[in-house]
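Residues per chain, in single letters:
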Amino acid sequence: KPYYSGKRLLLHIDGSDVYTISVGNFGSGKLNEIIIDTSEYHLGDSVLMLLSENLQFTFGEDSLIMSHPENQNEILVWNSLKKMTSETSYNAGCISGAYHIKSVDFSDTIDFINDSILIHTGISNVNWPTESWGVFKYYDIDFFLFNSGFQSWMAPVTMCTGDTILFENLYRPQHAIEMFKIESVSRQNQLIGTWRQGPPDSILKLLPPPPAGLPEIDRLIKMTFHTDSVTIYRYGRPETLKWDLTSDGKRVYFIDKIKEKWGSGKIVKLTNDQLFLRMSGNSMKEDTLKLFRVQ
């Protein structure tokens, strides 16, 4: 049966063979890569020979407890995983759109913008909100996987109905990880038009002199939103990108540079005349980019 330990490692004992399944190849930089190694194991009275190591072990309730191969003063706890029923199992398209995700000590909103990228739209990860995600199946168990850019993390899916998704919390089994669908919000039409940092008459006189040959007005950031593209002017240099809004209407993003600085912006305020954004990877003196409609 398969056992789970840590954030990204499985142990599967099948007959005389043991499989270790790890997520993320840090050597190659492919953090979503699935790696399966096979070896044999030998079982004594209280010693498990595994991966060329003699490890002290015992069985807990639905778990396998063994000494750590690299530090005998520590232990590894491998938790037994459960298979889902066909009525609640994951299927393609089950996860899409915006969700409220919460557990005992965590709460946020996230949006799955496609089948490989999600964005935090709440209070977490405000500077670098983008994650890679995916689902992989092993031994009839579906695992939700996301890569934060620093390490990969996975959790078994225990229910996926579209509106409600539950994950097994292996660190705190009494508290499931829950995701509940958020109703979509359409605000694209409110953004169509030209917005400029300002208002110019109140800040131009406070700014240092512009570089030689650069008009004062070109020091200001300007964004012109069309139906499916946006042109961003910074220091007079235009950049045209595809754009969209997350399903919950909380963040505007530019898919061509989604994981870069200024790849998205959390909408802090949006009225007919004002658009305030907190840009990802923000390096501005002020947290919020304040734009005002000019047409």
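Thresholds, definitions, all that
- Residues numbered from 1 in each chain as written.
- Predicted model: local features only at pLDDT ≥ 70, side-chain atom pairs only at ≥ 80, totals over all residues.
- Heavy atoms only, no water.
- Phe/Tyr/Trp six-rings, centres within 6.5 Å; stacked < 30°, edge-to-face > 60°.
- Helix = DSSP H or I, 4+ residues; strand = E, 2+ residues; numbered from the N terminus.
- Disulfide = S-S within 2.5 Å.
- Buried < 20%, exposed > 50% of the residue type's maximum accessible area, 1.4 Å probe, protein only.
- Pairing = 2+ DSSP bridges.
- pLDDT = per-residue confidence, 0-100.
- Contact = heavy atoms within 4.5 Å.
- Polar contact = N/O pair within 3.5 Å; in protein donor to acceptor, adjacent residues only side chain to side chain.

A.B. asks: Which residues make up the packing of aromatic side chains, and what are the values?
C.D. replies: As enumerated under the stated definition, the model contains seven aromatic pairs in all. Here the aromatic rings of Phe-112 and Phe-144 are separated by 6.1 Å at their centres, their planes lie at 80°, and the arrangement is edge-to-face. Taken as a pair, Phe-112 in strand S10 (residues 106-112) and Phe-144 in strand S13 (residues 141-147) lie far apart in primary sequence, 32 residues in all. Each ring, one from Phe-276 and one from Phe-292, has its centre 6.0 Å from the other, and the planes form 70°; the classification is edge-to-face. Taken together, the residues span a long stretch of sequence, with Phe-276 in strand S24 (residues 274-279) and Phe-292 in strand S25 (residues 289-293) at a distance of 16 residues.

A.B. asks: Which residues make up the state of the cysteines, and what are the values?
C.D. replies: Linking two cysteines covalently through their sulfur atoms gives a disulfide. Scanning the entire structure with this criterion turns up one disulfide. Disulfide pairing is shown between Cys-94 and Cys-160; the S-S distance is 1.7 Å. On the S-S bond that ties Cys-94 to Cys-160, the torsion sits near -125°, and the link is left-handed. Remark: Cys-160 occurs in strand S14 (residues 152-160) and Cys-94 occurs in the loop between strand S8 (75-80) and strand S9 (97-103); sequence separation between them is 66 residues. Across this residue pair, the class does not change: Cys-94 and Cys-160 are buried.

A.B. asks: Explain the sheet that holds strand S19 (residues 229-234) to me, and be specific about the residues and the numbers.
C.D. replies: Spatially, nine strands are ordered S20-S19-S18-S17-S25-S24-S23-S22-S21 in an open sheet, and the strand pairing comes out antiparallel. Each end of this open sheet is capped by a strand with a single partner; those strands are strand S20 (237-242) and strand S21 (244-245). Summarising the sheet, strand S22 (residues 251-253) and strand S23 (residues 264-270) pair through three bridges and their orientation is antiparallel. Paired with Val-252 across the strands is Gly-265, a residue of S23.

A.B. asks: Now, about the confidence of the model for the protein chain: what can you tell me, with residues and values included?
C.D. replies: Low-confidence regions, as indicated by low pLDDT, have predicted coordinates that should not be scrutinised in detail. Averaged over the protein chain, the pLDDT score is 79; the fraction of residues at 70 or greater is 77%. Here residues 1-6 is a poorly scored stretch, pLDDT under 50, and it has 33 contacts once near neighbours within four places are set aside; other chains count.

A.B. asks: Residue-level account of the environment of Ile-177, with values.
C.D. replies: Inspection of the secondary structure assignment puts Ile-177 in strand S16 (residues 177-181). We classify Ile-177 as buried; its relative accessible area is 10%. It is 6.0 Å that separates the C-alpha atoms of Ile-177 and Lys-102, two residues lying 75 residues apart in sequence.

A.B. asks: Describe the environment of Ser-186, listing the residues and the values that go with them.
C.D. replies: Within the secondary structure, Ser-186 sits in the loop between S16 and helix H1 (188-191). Distance in space between the C-alpha atoms of Ser-186 and Thr-246 is 9.0 Å, their sequence separation being 60 residues. Polar side-chain contacts of Ser-186 include one of 3.4 Å to the side chain of Gln-188.

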